[in-house]
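# Secondary and tertiary structure notes
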Amino acid sequence: MHQGKYHTPPILAQRFLRWFCKPALVEDIAGDLEEDFNDFVTDYGLGRARYKYWLAVIRFLKPFAIKKIHITTTQTIMFKNYFKTSIRSIARNRLFSAINIIGLAISMSVCLLMISFISELFSYDKFHENPDRIHRVISYEQFLQNEPQGVAATSILTGKRLQAEVPGIEASVILNRRFAGDASFQNKTVSLKGLWASKSFFEVLSGFTLLQGNAETALLSPNSVVLTEEAATRIFGTANAMGQTIEIRSIPFTVTGIAKQPPFNSHISFEALGSMVTYENMLKQRSKSGNWLKWTNVGNDYVYLLLDEGTEPGSIQASLDKMSEEENLKIDRFKIYPELQALTSIMPGPALSNNIGKSMDSSILSTLFILTTIVILCAAFNYTNLSVARAFKRSKEIGVRKVVGANKGQIFWQFILEAIIISLTALCIAILLFYLIRPEFLNIDPMVQQATKMIATPALFAYFLVFSVFVGLMAGFFPAVHLSKLKSTNALKNAPGSGLLSRMNMRKVLVVIQFSLSLIFIISATISFKQYKYAVAFDLGYNTENILSVRLQGVDPTKVATAFEAIPAVNQVARSFDLNGLGNGDRTRVTLENSADSAYLYYNFVDENFIPLMEHKLLAGANFESRPGSREESIIINERTLRKFNIESPSAAIDQYIQLIRGPRLRIIGVVEDFVYTDISRNIHHFGFRYSNSRHNYINLKLNPSDLVRTMERVESAWNAVADGKEFQAEFYDQKLQSTYSQYATIYTIVGFLAFITISIAVLGLLGMAIYTAETRLKEISVRKILGASEASLVKLLARGFIWMLAIAALIAVPLSYYLFDSVVLSESVNRISIGITELFSGVLFIFLIGFVTIASQTWKTAKSNPAQTLRSE
Amino acid sequence: MKGTYLGEFQELVLLTILVLAENAYGVTIQDELGSRTGRNISRGALHTALTRLDEKGFITSEYGGATAERGGRRKRFYKVTNQGTKALEESKTLRDQLWSEVPKVALGKS
């Protein structure tokens, strides 16, 4: 038939045929094909023959030959059967199903929130063309030996040097966030928010595109502006905006481009882009000294780089390190370390200040993630617990199935399917709940509201679906394994095997875990609420109301002070080197004259108005007097320092001398009451006010509280008049303080809500268990009753087990949450609430109460039941 | 009577099996059919037909000896059952009957 060498057909094709073809046909077909194959080899050659063989195999993909058909029919039949029995079993045990579904739905709604939140955050900034190659330069600022502070910005100098000196960068853009103001065009004024951007903006951040204009040249020349579509319509209506001239903050700009609206999931957003050259020219005019090009000028400028393909970010980082080493030598006290940050790790990313737009801490994200996982686990425990408990009732069904021929796998999948049906039902309710709680969640924190919209997209629903199937698998796994392992003989005898009893302990453990978690949540919520109220109401030792602190930024203090004093609503003006309560400060070693003791003394240089303005209480002595000259003579110390040097009373300290190491010898002229110099989480330090005429960084204004808005405007215009073009930077004291402690408020809202949810879930679970126990022991109770047991003793008998579990849960949760807050969350805080019996046990009491009511309602019903009724049948 | 309906291709396959007598298996049937009809018959189509015929009970099959040219696989020889022969005969009778009643005019053989 054929000559020459014998050839084997392609092995993969043979294997494929064996895989899909009915076993009865395989041998025949494969044989025929192989015969054909060898004929083909002689006729057409090996290559064509192989190709023809493959083709022939594929042609056999016809219904008559495919194996699956045969198997699928049984599978569909079994699936239908599982589905039917599952639905019936769910319907038969309405109460238990309801408990499961409600518990799962509540916790799932929280998880859905989390899923939509996380998936939205991770979609950020992915719309640019090469997100992996885009990086931004951020800075870590270190003041003396303090903890370095992360800043999202960097200096213009860094950007310029990177452009000029460092290879491997395809393009880079320098941005400044201060391009905002009123734009006017023919008597029409519109307020715009935007950025100054250098020419390569659209090259680096390629996700932003121009609808009109040339992306390469739009930001090239001075006084050019690019508007977003929306901003252009606001200003020009339907007229064409291109080439028109508008005035922004009294500077004429020509519109050179219309940009597409930046997507919501971009951490940078803008309504207008001004060309960076314009800004640089402005800066050059304002300050002849070239201040704006200083290494330390970190605050409002951002640098984004598009690296060359194949450039390792590490090599750019190395150049940055070298640059900072050079530049840090030239400056005093401060150190600045620039660092490269990938675009994809900005949102969510590390906590940084001076963000260009939206920001979200990744630590917040992981905390929320852990908390929601705990919540969903609690609900899954409920399902596991109740299903295992009710395994009894299902054992006959399983026994019959096994006798008829079901194998372990089939029983396993049956119960998994049941769990998935429950969790899908729960998903429907959870989606409704999700829409209910979504607005609340968005309101928790302004940061959340800025970052997410949580609009349900089809992809999101797909995630939800996958999630709920996963939850079903998770919740159903343990019961399915347990039930599929039942021996048919045992199952049919209806005698609970010893295995079943050992599961009881497992169930108890799960209940204990649930209640421990609920207790931890409720205790945490109580403690953080107390700490927040404590922190906000804490007496710092000085006045914080209506005090505005303006950063001098090197502007002549006397000139500014005179300008501010002229404003009628400014009651007092005081200058200082530093601010109270900012967390950092200078310190020096000091000794008391005639004493061997030395101490670190924190100090602040102030003028004679500072102590009255801040309303520090002088315990002895007097305030500084206005004195010209730079020679330092006197100091005002705090009580803490007195104690350190063993001076009995404030008045005894007056006129003693303090020697500063490598510094002057100062006479103590006053003693102030202790106050919080750094922040309330830290100890009160040894502290001294020193007097100086010149070393001031801040001007503090005590404002008249009526009509603060107008006053602020006046203060700002007064500043602009004297400040040589420096930005006006001012902040109210009390606002600053409140934002410092708002974290406690956010913690207690979130934890409180989660506590509510876990408690509801745990109580639902407890209710289920109590009902179940009461049901199964109904006959036993009746017999006991007939023999003379009192109702009270029966309730005690039934409830004892549960009360034990609650007690154990409390025993675990109370020390754990005490430890958590005492040694972790609040451990750094010095001024904090003491965690006492009330904080720890009010939650425990609450949960015990709910638990007792739940158990008692069920056991009481059972204990009251009429034995004649329950024992009649059988 | 859908179950016993004999399609045109199936009829051809049955007849080929009869013609081939003792040597009717996949490859030979295909070759025979191919050469007689001049049609290019695919393996898949042939096996579909064989499976249907088997389901209807018109053919039976048994395995022969293993051969090297089939990679050590056995040949599956097909035989037409009595039922199959009957079906063929019925089909032939039906056709003959119809042929006999066709008016000569219609055939253009006046």
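Remember, it's a predicted structure, so these values are computed and weren't measured experimentally.

Turning to the pairing of strand β1 (residues 134-143) of chain A, a few remarks are in order. Residues and elements named next belong to chain A. Where burial is concerned, most of β1 is hidden: nine out of the 10 residues are buried. Taken together, the four bridges between β1 and strand β10 (residues 301-307) define a ladder with antiparallel strand orientation. Bridging across to β10, Ile134 finds its partner in Leu306. Here β1 pairs with strand β11 (residues 334-342) via nine bridges, running antiparallel. Paired with Glu141 across the bridge in β11 is Ile336.

We now examine the interface of chain B and chain A. Residue-level contacts link 22 residues of chain B with 21 residues of chain A. Contact between chain B and chain A buries roughly 1900 Å² in total, counting both sides, with carbon and sulfur atoms accounting for 47%. There are four salt bridges connecting chain B and chain A. Linking chain B to chain A there are seven residue pairs in polar contact (both at pLDDT 80 or more). Put simply, the parts of the chain that give the side of chain B that touches chain A at least two residues each are α2 (26-37), α3 (43-56) and β2 (74-80) of chain B. Sort the elements by how many residues they give to the side of chain B that touches chain A and α3 of chain B lands first, with seven residues.

This part takes up the pairing of strand β13 (residues 570-576) of chain A. On any regular strand, side chains alternate: one points to one face of the sheet, the next to the other face. Residues and elements named next belong to chain A. For β13, the buried fraction is high: five of the seven residues fall into the buried class. Where β13 meets strand β21 (residues 698-703), six bridges bridge the pair, whose relative direction is antiparallel. In the sheet register, Arg575 faces β21, and the bridge partner there is Ile699.

Quick look at the confidence of the model for chain B now. Detailed reading of the predicted coordinates is not advisable wherever pLDDT is low. Taken residue by residue, chain B gives an average pLDDT of 82. The fraction at 70 or more is 91%. Here the predicted complex scores 0.65 on pTM and 0.78 on ipTM.

The next point concerns the pattern of salt bridges. Residue and element names in this part refer to chain A. Inspection of every chain in the model, using the stated rule, returns 29 salt bridges over all chains. Taking the shortest distance from any N to any O, the salt bridge between Glu327 and Arg161 comes out at 2.7 Å. Taken together, the positions of Glu327 in helix α10 (residues 313-329) and Arg161 in helix α6 (residues 156-165) put the pair 166 residues apart, joining distant regions of the chain. Side by side, Glu327 and Arg161 carry an identical accessibility label, which is buried.

Cut-offs and rules
- Residue indices follow the written sequence of each chain, beginning from 1 at its first position.
- To read the labels, note that chains go from A and ligands from 1, taken in the order they are written.
- For a predicted model such as this one, the threshold for reporting local features is a pLDDT of at least 70, and the threshold for listing and counting side-chain atom pairs is 80 or more; totals across whole chains, interfaces and linings nevertheless cover every residue.
- The side-chain numbers reported here are obtained from all heavy atoms of the structure, hydrogens and water having been left aside.
- Each residue gets one of three labels from its accessible area relative to the maximum for its type: buried under 20%, exposed over 50%, partly exposed in between, using a 1.4 Å probe on protein chains only.
- Numbering of helices and strands runs from the N terminus, with a helix taken as a DSSP run of H or I at least four residues long and a strand as a DSSP run of E at least two residues long.
- Criterion used throughout: strands pair if DSSP finds at least two bridges between them.
- A contact between two residues is defined here by any heavy atoms of the two lying within 4.5 Å.
- Here the quantity called buried area is the accessible surface, traced with a 1.4 Å probe, that two parts lose on coming together, added over both.
- Salt-bridge detection follows one rule: a side-chain nitrogen of Lys or Arg within 4 Å of a carboxyl oxygen of Asp or Glu.
- As used in this structure description, the phrase polar contact means that two N or O atoms lie within 3.5 Å; if the pair is within protein, one of them must be able to donate a hydrogen and the other to accept it, and residues adjacent in sequence are counted only when both atoms belong to side chains.
- For every residue, the pLDDT score states the predictor's confidence, bounded by 0 at the bottom and 100 at the top.

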